[in-house]
Amino acid sequence: MNILAHRGYSAKFPENTLIAFEEAAKLDVWGVEFDVHLTKDQQLVVIHDESINRTSNGKGFVKDLSLVELRAFDYGSWFAEEFAGQKIPTLAEVLAIFKDTDYQINIEIKSDIFEYEGIEALIAQEILNFGLQERIIISSFNHESIARFQQIMPNVKTALLFASLVTKLEDYVKLFGCEAIHIPYYYGKRSIIQQAIKNGVIVRAYTVNNAKIAGQMDALGVDAVFSDVVRV
Ligand code: G3P
Ligand code: CA
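Scoring rules and cut-offs
- Residues numbered from 1 in each chain as written.
- Chains lettered and ligands numbered in written order.
- Predicted model: local features only at pLDDT ≥ 70, side-chain atom pairs only at ≥ 80, totals over all residues.
- Heavy atoms only, no water.
- Core = buried A, V, L, I, M, F, W, Y, C linked by side-chain atoms within 4.5 Å.
- Buried < 20%, exposed > 50% of the residue type's maximum accessible area, 1.4 Å probe, protein only.
- Helix = DSSP H or I, 4+ residues; strand = E, 2+ residues; numbered from the N terminus.
- Contact = heavy atoms within 4.5 Å.
- Donors = N, O, S within 2.8 Å, 3.2 Å for Na, K, Ca; no water.
- Phe/Tyr/Trp six-rings, centres within 6.5 Å; stacked < 30°, edge-to-face > 60°.

### Some thoughts on the nonpolar core
Generally speaking, soluble globular proteins have nonpolar side chains that are buried together.
Argument step 1. Of all hydrophobic cores here, the largest spans 61 residues; its most connected members are F34, I107, I123, I138 and I181.
Argument step 2. Among the elements that line this core, the one with the most residues is helix α4 (residues 119–130), at 5 residues.
Argument step 3. Apart from residues no more than four positions distant in its own chain, I138 is found in contact with N106, I107, I109, I123, I127, I146, F149, V156, K157, T158 and A159.
Argument step 4. In terms of nonpolar packing, the next biggest core, distinct from the first, is built from 9 residues, V45, I52, V62 and Y75 among them.

Have a look at this one:
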């Protein structure tokens, strides 16, 4: 079963920072996952939350701050003092780390709370700049964002992210033409998921940090798990 380093190697390094991605790139796993937001001055940055409060020494929403303002804060010392000085990465900086690997690169568009008008086109342009069309997987809880991205870049792989399941799941997936769905791992055994796997839907499960659950996912036919500890 495949493993994606979730927010980089986030069990041991501050999530979604360059050091977490550099360390993830050394692990020789199937891929990496990270989250993208848009700054006040329309720059693509990699961070999980809409605000910087939890993972930096600053405060505020990404959407209300410029890249220069965001870069003034420290995104490492909240995790451990030895990582003080880590900056919020741009999408380009993260893609540069994985460009020369064979990793699958899952960009989660975090547009489900703030829509970030135009974020899909900006991400598409950055993918083109790096020539990474074949190794990118775009996902989002905001399925309108997925549809917009597909219009712009129909040949890049996409996945629908679910926090809970929907009825007629397979019809819904077909409607979008996505290659995969990303679900909480505890839905892996549900009959609607098992049926979808039997019918060829690729299912990836988040977030799996222990070997027993990873083994269960493998047995259930899950294609990949997202993991903070990466070596499950
Ligand atoms: O993409 C899988 C997983 O990362 C989705 O949840 O909250 O960790 O972004 P979250
Ligand atoms: Ca994510």
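Don't stop here, the text continues.
### Notes on the coordination of the calcium ion (ligand 2)
Argument step 1. Surrounding the calcium ion (ligand 2) are the protein donor atoms E33 (OE), D35 (OD) and E108 (OE), at 2.1 to 2.2 Å.
Argument step 2. Read in sequence order, the donor residues coordinating the calcium ion (ligand 2) give the pattern E-x1-D-x72-E.

### Section: the packing of aromatic side chains
Argument step 1. Summed over the entire model, instances satisfying the criterion amount to 15 aromatic pairs.
Argument step 2. Between F141 and Y206, the aromatic rings sit 6.3 Å apart at their centres with planes inclined by 85°, giving edge-to-face as the arrangement. Highlighted residues: F141 in the loop between β5 (136–140) and α5 (143–152) and Y206 in strand β8 (residues 202–206), separated in sequence by 65 residues.
Argument step 3. Judged by relative accessible area, which is 27%, F141 ranks as partly exposed.
Argument step 4. Taking 6.5 Å as the distance between ring centres and 75° as the angle between the ring planes, the aromatic pair formed by Y206 and F226 counts as edge-to-face. Taken together, the residues span a long stretch of sequence, with Y206 in strand β8 and F226 in strand β9 (residues 224–227) at a distance of 20 residues.

Spatial relationships are all this shows, so hold off on functional conclusions.
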